[in-house]
Amino acid sequence: QVQLVESGGGLVQAGGSLRLSCAASGSKFSINAMGWYRQAPGNQRELVAIITSGGSTNYRDSVKGRFTISRDNAKNTVYLQMDSLKPDDTAVYYCYANILIRIWNDYWGQGTQVTVSS
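Note that the structure is a prediction, hence the values are computed from the model and not measured.

Peer 1: Give me the lowdown on the overall build of the chain, citing residues and values where you can.
Peer 2: Tallying secondary structure elements over the chain gives zero helices and 11 strands in all. Taken over the C-alpha trace, the chain has a radius of gyration of 14 Å; the compact-globule value for 118 residues is 13 Å, and the two agree within 12%. Principal-axis analysis of the C-alpha atoms gives the chain an extent of 45 × 25 × 20 Å. Considering only contacts within the chain whose residues lie at least 6 apart along the sequence, 54% involve residues at least 24 apart. By element, 45% of the accessible surface of the chain is carried by carbon and sulfur atoms, the whole surface being about 6300 Å².

Dropping the structure here:
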C-alpha cells in the first residue's frame, strides 16, 4: 500500500508565496508521473502542474511563470513552489502520483487548503 502525505498549505496574502510538498510512502513501488490538482468550491478538480519521472513538466496556463513543480526521486517527493499568488488560486490542492505496485494505478493525497486573501 502507498500513501501520499501533503504539507505546506495555508493562508497568504495576494502576491505572497507558498510551497507544497507531497511524499509517497510505502514499500516496493515505482512512481511515474507526479503532480498537483486543485478544486475550488463549486468547481471541478483541475490539473495545476505535472512532472514525469524524467523531469518533463506541464502547467495549466493560468499558473505558468508563477508556479514551479519539482521532484526528488530519491525521496519520492514532489514539490509545488507557488509565487505571486492570486485570490483565484484559492482551492484545496491535491497531490497525485501514478504508481506501480504490480499494476499502474493513480493515487491521491488527502488535500491541503490554500487560501489567498486580497
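Peer 1: Before we move on, could you go through the state of the cysteines and cite the residues and values that matter?
Peer 2: One way to say it: the disulfide is the covalent bond shared by the sulfur atoms of two cysteines. A full pass over the atoms with the stated rule returns one disulfide. Sulfur-sulfur distance for the disulfide between Cys22 and Cys95 comes to 2.0 Å. Here the disulfide of Cys22 and Cys95 is left-handed, its torsion about the S-S bond being about -80 degrees. Placement of Cys22 in strand 3 (residues 18-26) and of Cys95 in strand 9 (residues 91-101) is noted, with a sequence separation of 73 residues between them. Each member of the pair Cys22 and Cys95 is classed as buried.

Peer 1: How would you summarise the pattern of salt bridges if you had to cite specific residues and measurements?
Peer 2: As enumerated under the stated definition, the model contains five salt bridges in all. For Arg38, the salt bridge identified is with Asp89, shortest N-O distance 3.0 Å. You can see Arg38 sitting in strand 4 (residues 30-39) and its partner Asp89 sitting in the loop between strand 8 (77-82) and strand 9, a full 51 residues away along the chain. The class for Arg38 is buried, based on a relative accessible area of 6%. Relative accessible area serves as the criterion here: at 2%, Asp89 is assigned to the buried category. Close ionic contact of Glu46 with Arg60 constitutes a salt bridge, the shortest N to O distance being 3.5 Å.

Peer 1: Could you give an account of the side chain of Arg71, with specific residues and numbers?
Peer 2: With respect to the helices and strands, Arg71 occurs in strand 7 (residues 67-72). Summary of buried charges: Arg71 has no salt-bridge partner, and the nearest side chain of opposite charge, Asp72, is 8.2 Å away. Among the polar contacts made by the side chain of Arg71, one reaches the main-chain carbonyl oxygen of Ile51 at a distance of 3.2 Å. Within the local environment of Arg71, its side chain forms a polar contact with the backbone oxygen of Thr52, the two atoms lying 3.1 Å apart. Setting aside chain neighbours within four positions, we find Arg71 in contact with Ile31, Asn32, Ala33, Met34, Ile51, Thr52, Ser53, Thr77, Val78 and Tyr79.

Peer 1: Can you tell me about the nonpolar core, naming the residues and giving the values?
Peer 2: Core analysis: the largest hydrophobic core is formed by 31 residues, its most contacted members being Trp36, Leu80, Met82, Tyr93 and Ile99. Of all elements in the fold, only strand 1 (2-7), strand 3, strand 4, strand 5 (46-51), strand 7, strand 8, strand 9 and strand 11 (112-117) reach the threshold of two or more residues within this core. The greatest single-element share of this core, amounting to six residues, is contributed by strand 9. Among residues more than four places away in sequence, those in contact with Ile99 are Val2, Leu4, Phe29, Ser30, Ile31, Trp104, Asn105 and Tyr107.

Procedures and definitions
Residues numbered from 1 in each chain as written. Predicted model: local features only at pLDDT ≥ 70, side-chain atom pairs only at ≥ 80, totals over all residues. Heavy atoms only, no water. Helix = DSSP H or I, 4+ residues; strand = E, 2+ residues; numbered from the N terminus. Rg over C-alpha atoms; globule rule 2.2 N^0.38 Å. Contact = heavy atoms within 4.5 Å. Areas by Shrake-Rupley, 256 points an atom, 1.4 Å probe, with all protein chains shown as cover. Disulfide = S-S within 2.5 Å. Buried < 20%, exposed > 50% of the residue type's maximum accessible area, 1.4 Å probe, protein only. Salt bridge = Lys/Arg side-chain N within 4 Å of Asp/Glu carboxyl O. Lys, Arg positive; Asp, Glu negative; His and termini not counted. Polar contact = N/O pair within 3.5 Å; in protein donor to acceptor, adjacent residues only side chain to side chain. Core = buried A, V, L, I, M, F, W, Y, C linked by side-chain atoms within 4.5 Å.

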